[in-house]
Amino acid sequence: MAQETIFSKIIRREIPADILYQDELVTAFRDIHPRAPTHILIVPNRLVATVDDVTEADELALGRLFTVAARLAREQGIASDGYRLIVNCREHGGQEVYHLHMHLLGGRPLGAMVARG
Ligand code: AMP
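Residues numbered from 1 in each chain as written. Predicted model: local features only at pLDDT ≥ 70, side-chain atom pairs only at ≥ 80, totals over all residues. Heavy atoms only, no water.

### What about the overall build of the protein chain?
Then step 1. Counting secondary structure elements, the protein chain contains 3 helices and 5 strands.
Then step 2. For the protein chain, the N- to C-terminal ordering of α and β elements is α-β-β-β-α-β-α-β.
Then step 3. The C-alpha atoms of the protein chain give a radius of gyration of 14 Å, which matches the 13 Å a tight globule of 117 residues would have.
Then step 4. Taken along the three principal axes of its C-alpha coordinates, the protein chain extends 40 × 35 × 30 Å.
Then step 5. For the protein chain, contacts bridging at least 24 residues in sequence account for 57% of all contacts bridging at least 6.
Then step 6. A total accessible area of about 7,300 Å² is found for the protein chain, and carbon and sulfur atoms account for 53% of it.
Then step 7. Computing the positive centroid from 13 side-chain charges and the negative centroid from 15, the protein chain places the two 6 Å apart. (Helix = DSSP H or I, 4+ residues; strand = E, 2+ residues; numbered from the N terminus. Rg over C-alpha atoms; globule rule 2.2 N^0.38 Å. Contact = heavy atoms within 4.5 Å. Areas by Shrake-Rupley, 256 points an atom, 1.4 Å probe, with all protein chains shown as cover. Lys, Arg positive; Asp, Glu negative; His and termini not counted. Charge placed at Lys NZ, Arg CZ, Asp CG, Glu CD.)

Set out below in structure tokens:
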């Protein structure tokens, strides 16, 4: 059983966050340390620690991450210029919070996809 993170408390509204969207499957809130003018995290409500822990039971919620990302990008006015969606997995992916989440980043050109090693 995966350990809960701060994201579960945000989803249950036990600690404050700037929540922009929530439904029965996913929650979206602003990243506390934004790396771009728009930086939103979209997370499945059910705790899935990493992409490596994903099963078929998660397919509906993980599909919802994309529809909510597209909707929020339009609402935030960044859809026509474009944006980046990132899901980090474990240490080499740079994952800090072990509750799977999609980053929605935009509002400026985001540069190279991956920093040179
Ligand atoms: P990752 O490195 O992919 O695991 O990303 C974790 C992200 O969560 C980072 O961009 C953090 O800034 C963000 N974060 C951590 N704690 C909070 C919080 N309480 N509210 C909003 N964002 C957070």
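### Some words on the packing of aromatic side chains
Within a pair of aromatic rings, the relevant descriptors are the distance that separates the centres and the angle that separates the planes.
Then step 1. Under the defined criterion, the tally for this structure stands at 1 aromatic pair.
Then step 2. Ring plane angle 75° and centroid distance 5.2 Å describe the contact between Phe 7 and Phe 29, whose orientation is recorded as edge-to-face. Of the two residues, Phe 7 is situated in helix α1 (residues 6-11) and Phe 29 in strand β2 (residues 26-30); the sequence distance between them amounts to 22 residues.
Then step 3. On the accessibility criterion, Phe 7 (6% relative accessible area) is buried.
Then step 4. For Phe 29, a relative accessible area of 2% puts it in the buried group. (Phe/Tyr/Trp six-rings, centres within 6.5 Å; stacked < 30°, edge-to-face > 60°. Buried < 20%, exposed > 50% of the residue type's maximum accessible area, 1.4 Å probe, protein only.)

### A short note on the site of the ligand
Then step 1. Around the ligand, the surrounding shell holds 17 residues, and the nearest of these are Asp 31, Asn 88, Glu 96, His 101 and His 103.
Then step 2. A distance of 2.5 Å separates an oxygen atom of the ligand from a polar side-chain atom of Asp 31.
Then step 3. Backbone polar atom of Ile 32 to a nitrogen atom of the ligand: 3.1 Å apart, as the coordinates give it.
Then step 4. When isolated, the ligand has an accessible area of 510 Å², and the protein chains bury 90% of it.
Then step 5. According to the grid-proximity analysis, the pocket containing the ligand is the largest pocket.
Then step 6. Within the residue set of the shell around the ligand, elements represented by two or more residues are α1 and β2.
Then step 7. Residue classes in the shell around the ligand are distributed as 7 nonpolar, 6 polar and 4 charged. (Near = heavy atom within 4 Å. Polar contact = N/O pair within 3.5 Å; in protein donor to acceptor, adjacent residues only side chain to side chain. 1 Å grid on protein atoms, 1.4 Å probe; cavity = no way out; pocket = protein on both sides within 12 Å on 5 of 7 lines; lining within 4 Å. Sits in = over half its atoms within 2 Å of the grid points. Nonpolar A, V, L, I, M, F, W, Y, C, P; charged D, E, K, R; others polar.)

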